[in-house]
Amino acid sequence: MKLEAKALQTRRIVLGVTGGIAAYKSAILVRRLKDYGFDVRVVMSHGAQAFITPLTFQALSGYPVHTELLDAEAESGMGHIELARWADLLLIAPASCDSIAKCANGLADDLLSTIYLASKAPVWVAPAMNQQMWAAKSTQRNLTTLVEDGVHIVMPEAGEQACGDVGLGRLAEPEQIAAAVNDFFAQAERDISEKFGLLAGKNVVITAGPTRELIDPVRYISNHSTGKMGFAIAEACYAAGAKVTLISGPVSLNTPNGVQRIQIQTAQEMLEASLQLVEACDVFIATAAVADYRVAHVAEHKIKKAGDELTVSLIKNPDIVATIAQQQQRPFMVGFAAETQNIEEYAKAKLKAKKLDMIACNDVSRSDIGFASDENAMTVFFAEQYHLPQRILEKAAKKDIAMQLVDSIAKALAGS
Ligand code: PMT
């Protein structure tokens, strides 16, 4: 029961609702599944209809509810075989003791058990029943069979039950069931990206955000970088199947899913972290706004206010991207250029001077793009040996710009 690559775009779920007081929770489950963007069709057993009406699910899912195995009208539209083929995933919640037994033993005497047998889609089952029924040897035997058959179980919770008993058997919360299903699709998509994505199997290191150069224990020199561009690129590289390490200066952003983050403060710390990772790195992307200078002598204690003027002497910081580009086993090097004038000219000069493979330049004098904005616009240049024309990335969300940059990197890598 493997998820097929072609099915990933649509994410269609057949939700089987079987008899039990927990059936009312499935109404909330439909809402949560739809929050994730899933297309949901509901199949109800006769038992379920004693607890909640098909009309409720019809209103929530936006589709007629399927209840009968032998329904001439349904068979000419979407009958059990069509539903079984349509589903990217079959979710049974709540799964009664009886429905679990049917699935485990291959019975096909109602619509849901027939879909279970006729579908190739992965199956998730969220049981709900009285604690004694849950503990019964036959139930546990049937569950073991389902797990052996590749069915995923969302375990029930312990607590007070509708019948007054206390114990294991309460349906897991709808939010938890929906999240488990969503995680399953996300992981499946990730598995496919790792095999077929634009950066499948590549180790990518990204620098992001500003650096902070200390003046004394309470003051520092920094810049307006928020890390948004670099973090968006980290996300896009991960989605393209890469293993991503993000070396980040101080920013207030959450680490993107699946990305490893190394937190630094100064340019020197960023360089040290980069050098440690360079050997295993295939692509190095320098989006960080690194301070070009640092304070020559950081004061040990807070500098006290004294005369009208204060002179702080600065010394040059190492150029991180240029240093990495000089390593013997160098990765594919992507630099950024933040300019306020002669943008393309300066960017091309940096591409050469820093011995980069590719550079993306942006105009940081504009307030609608560049620093801190959610959008950016860039021009990309490649080193001569790639014979690739410049690429203009029109103003768009940084997430979209990031995906286009990944595409540019993949094109250059494919030609190198
Ligand atoms: O973080 P956001 O708010 O989203 O803003 C995004 C951004 C404007 C910071 C980003 O799009 C950007 O332009 N990053 C590069 C900023 C920069 O420092 O550019 P630069 O032209 O000064 O440097 C050229 C290249 O050398 C850059 O790749 C830079 O990371 C690298 N560099 C610079 C100095 C240094 N000491 N070491 C470096 O590695």
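Everything in this summary refers to the structure shown in the same document. (Residues numbered from 1 in each chain as written. Predicted model: local features only at pLDDT ≥ 70, side-chain atom pairs only at ≥ 80, totals over all residues. Heavy atoms only, no water.)

A few points about the overall build of the chain
This is how the line gets drawn: Strands are runs of DSSP state E lasting at least two residues, helices are runs of H or I lasting at least four, and both sets are numbered from the N terminus onward. C-alpha atoms define the radius of gyration, and 2.2 Å times the number of residues to the power 0.38 defines the globule rule. Residue burial is assigned from relative accessible area. The probe radius is 1.4 Å, only protein chains are included, and a residue is buried under 20% of its type maximum, exposed over 50%, and partly exposed in between. Every residue pair with non-hydrogen atoms within 4.5 Å of one another is taken to be in contact.
Along the backbone of the chain there are 15 helices and 19 strands. Relative to a compact globule of 416 residues, whose C-alpha radius of gyration would be 22 Å, the chain shows 29 Å and is clearly more extended. In terms of its C-alpha atoms, the chain occupies a principal-axis envelope of roughly 85 × 55 × 40 Å. In the chain, buried positions account for 48% of the 416 residues. Across the chain, the fraction of contacts at a sequence separation of at least 24, relative to all contacts at a separation of at least 6, is 67%.

A word on the side chain of Asn317
Rule in force here: We define a polar contact as two N or O atoms separated by no more than 3.5 Å, with the added condition that, inside protein, one atom must be a possible hydrogen donor and the other a possible acceptor, whereas residues neighbouring each other in sequence contribute only through side-chain atom pairs.
Relative to the helices and strands, Asn317 resides in the loop between strand E15 (314-316) and helix H13 (320-325). Within the structure, Asn317 has its side chain in polar contact with the backbone oxygen of Ala291 (distance 2.8 Å).

Quick notes on the environment of Asn342
Relative to the assigned elements, Asn342 resides in the loop between strand E16 (332-339) and helix H14 (343-353). For Asn342, a relative accessible area of 39% puts it in the partly exposed group. Along the sequence, Asn342 and Phe38 sit 304 residues apart, while their C-alpha atoms lie 48 Å from each other.

A closer look at the packing of aromatic side chains
Heads up, the condition is: Here is the rule: rings of Phe, Tyr and Trp (six-membered ring for Trp) pair when centre to centre is within 6.5 Å. Planes less than 30 degrees apart are stacked, more than 60 are edge-to-face, and the remainder are tilted. Our definition puts a charge over a ring when NZ of Lys or CZ of Arg is within 6 Å of the ring centre and also within 35 degrees of the ring normal.
The final tally for this structure, using the stated rule, is 5 aromatic pairs. With 6.1 Å between their ring centres and 65 degrees between their planes, Phe184 and Phe185 make a pair best called edge-to-face. Look at Phe184 and you get buried, because its relative accessible area is 18%. Phe185 sits in the buried class, given a relative accessible area of 0%. Among the aromatic residues, those joined into a cluster by ring pairs are Tyr36, Phe38, Trp124, Phe184 and Phe185. The cationic tip of Arg41 hangs over the ring face of Trp86; the distance from NZ or CZ to the ring centre is 4.7 Å.

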